[in-house]
Amino acid sequence: MRPNYKKIYYDMLRLEHPEKLKDPKIKSLLEKLNTTEDVLNFNDKIFEQSKESQASNQKLKTYDKKTMFKLLQYQNKHGFSTSYMSRKYKISRTTIMNWKKTFEEEIEKVINAGE
């Protein structure tokens, strides 16, 4: 069971930044909060964060299976190293390697299907 991010962000914006709810671009983004990646991108666009809060929030991030698999496919498609992906998405190399082990069979199926 996932939290209802649409409702959470709607309530936060209604209480703290009602002017942002009038923006049609924000409204459309609010309706498209389906994956963890969507939620993280939306949060970055709406709320400006200091470097300190970004660092502490990074430790608390969690990714759903769809987003993990999407990032691994992106890495594989473009031939990026684990170190590059780690720096780009601010995820530890160990975490990415654990995802690779977890989705090893699924990644192989996608690679073999593409050949």
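The written sequence of each chain sets the order in which its residues are numbered from 1. Whole-chain, interface and lining totals are the exception, using all residues; otherwise, since this is a predicted model, local features are given only for residues with pLDDT of at least 70 and side-chain atom pairs are given and counted only at 80 or more. Hydrogens are left out, water is left out, and the side-chain values use all remaining heavy atoms of the structure.

- The name recorded for the chain in an unreviewed UniProt entry is Response regulator of citrate/malate metabolism, from Chryseobacterium shigense.

**Brief notes about the side chain of D64**
Here's step 1: Here a strand is any run of E in DSSP of at least two residues, a helix any run of H or I of at least four, and the numbering for each starts at the N terminus. For D64, the location among the structural elements is in the loop between α4 (51-58) and α5 (65-78).
Here's step 2: Contacts are assigned to residue pairs that have any heavy atoms within 4.5 Å of one another. Contact partners of D64, with chain neighbours within four places excluded, come to R2, N34, T35 and T36.

**Describing the packing of helix α6 (residues 82-89) against helix α7 (residues 93-102)**
Here's step 1: Note on definitions: angles span 0 to 180 degrees between N-to-C directions of axes, and those axes are lines fitted to C-alpha atoms, for helices only across the stretch in contact. At a closest axis distance of 9 Å, the pairing of α6 and α7 adopts a crossing angle of 120°. Like other packed secondary-structure pairs, α6 and α7 cross with a definite hand, here right-handed. Between α6 and α7, the residues in contact are T82, S83, M85 and S86 and R93, I96, M97 and K100, respectively.
Here's step 2: Looking at the contact of α6 with α7 residue by residue, the class counts come to three nonpolar, three polar and two charged. Each helix crossing is assigned a hand: it is left-handed if the near helix lies turned anticlockwise from the far helix by less than a right angle, otherwise right-handed if that turn is clockwise. Under the scheme applied here, ten amino acids are nonpolar (Ala, Val, Leu, Ile, Met, Phe, Trp, Tyr, Cys and Pro), four are charged (Asp, Glu, Lys and Arg), and all others, including Gly, are polar.

**Overview of the environment of N41**
Here's step 1: For N41, the location among the structural elements is in helix α3 (residues 36-46).
Here's step 2: In sequence terms N41 and L29 are twelve residues apart; their C-alpha atoms lie 9.5 Å from each other.

**Let's talk about the nonpolar core**
Here's step 1: Among buried residues, the Ala, Val, Leu, Ile, Met, Phe, Trp, Tyr and Cys ones that are joined through side-chain atoms within 4.5 Å form a nonpolar core. Relative accessibility thresholds used throughout: buried, under 20% of the residue-type maximum; exposed, over 50%; partly exposed, between the two (1.4 Å probe, protein chains only). Judged by nonpolar contacts, Y63, M68, F69, L71, L72, M85, I91, I96, W99, F103 and I107 together constitute the single largest core of eleven residues.
Here's step 2: If you list the elements that add at least two residues to this core, you get α5 and α7.
Here's step 3: Apart from the residues lying within four places of it in its own chain, the contact partners of I107 are F69, L72 and N76.

**With respect to the packing of aromatic side chains**
Here's step 1: Any two of the Phe, Tyr and Trp rings considered here, Trp counted by its six-membered ring, make a pair once their centres fall within 6.5 Å; the pair's planes then place it as stacked at under 30 degrees, edge-to-face at over 60, or tilted in between. Counted by the stated rule, this structure contains six aromatic pairs.
Here's step 2: Seen in terms of ring centroids, F69 and F103 are 6.0 Å apart; in terms of plane orientation they differ by 70°. Their pairing is edge-to-face. In this pair, F69 sits in helix α5 while F103 sits in the loop between α7 and α8 (104-114), placing the two residues 34 residues apart along the sequence. F103 matches F69 in its accessibility class, with the two residues each being buried.
Here's step 3: Aromatic pair Y74 and Y89: ring centres 6.4 Å apart, planes at 85°, arrangement edge-to-face. Within this pair, whereas Y74 is found in helix α5, its partner Y89 is found in helix α6, the two being separated by 15 residues in sequence.
Here's step 4: Judged by relative accessible area, which is 24%, Y89 ranks as partly exposed.
Here's step 5: The structure contains a cluster of three or more aromatic residues connected by ring pairs, namely Y74, F80, Y84 and Y89.

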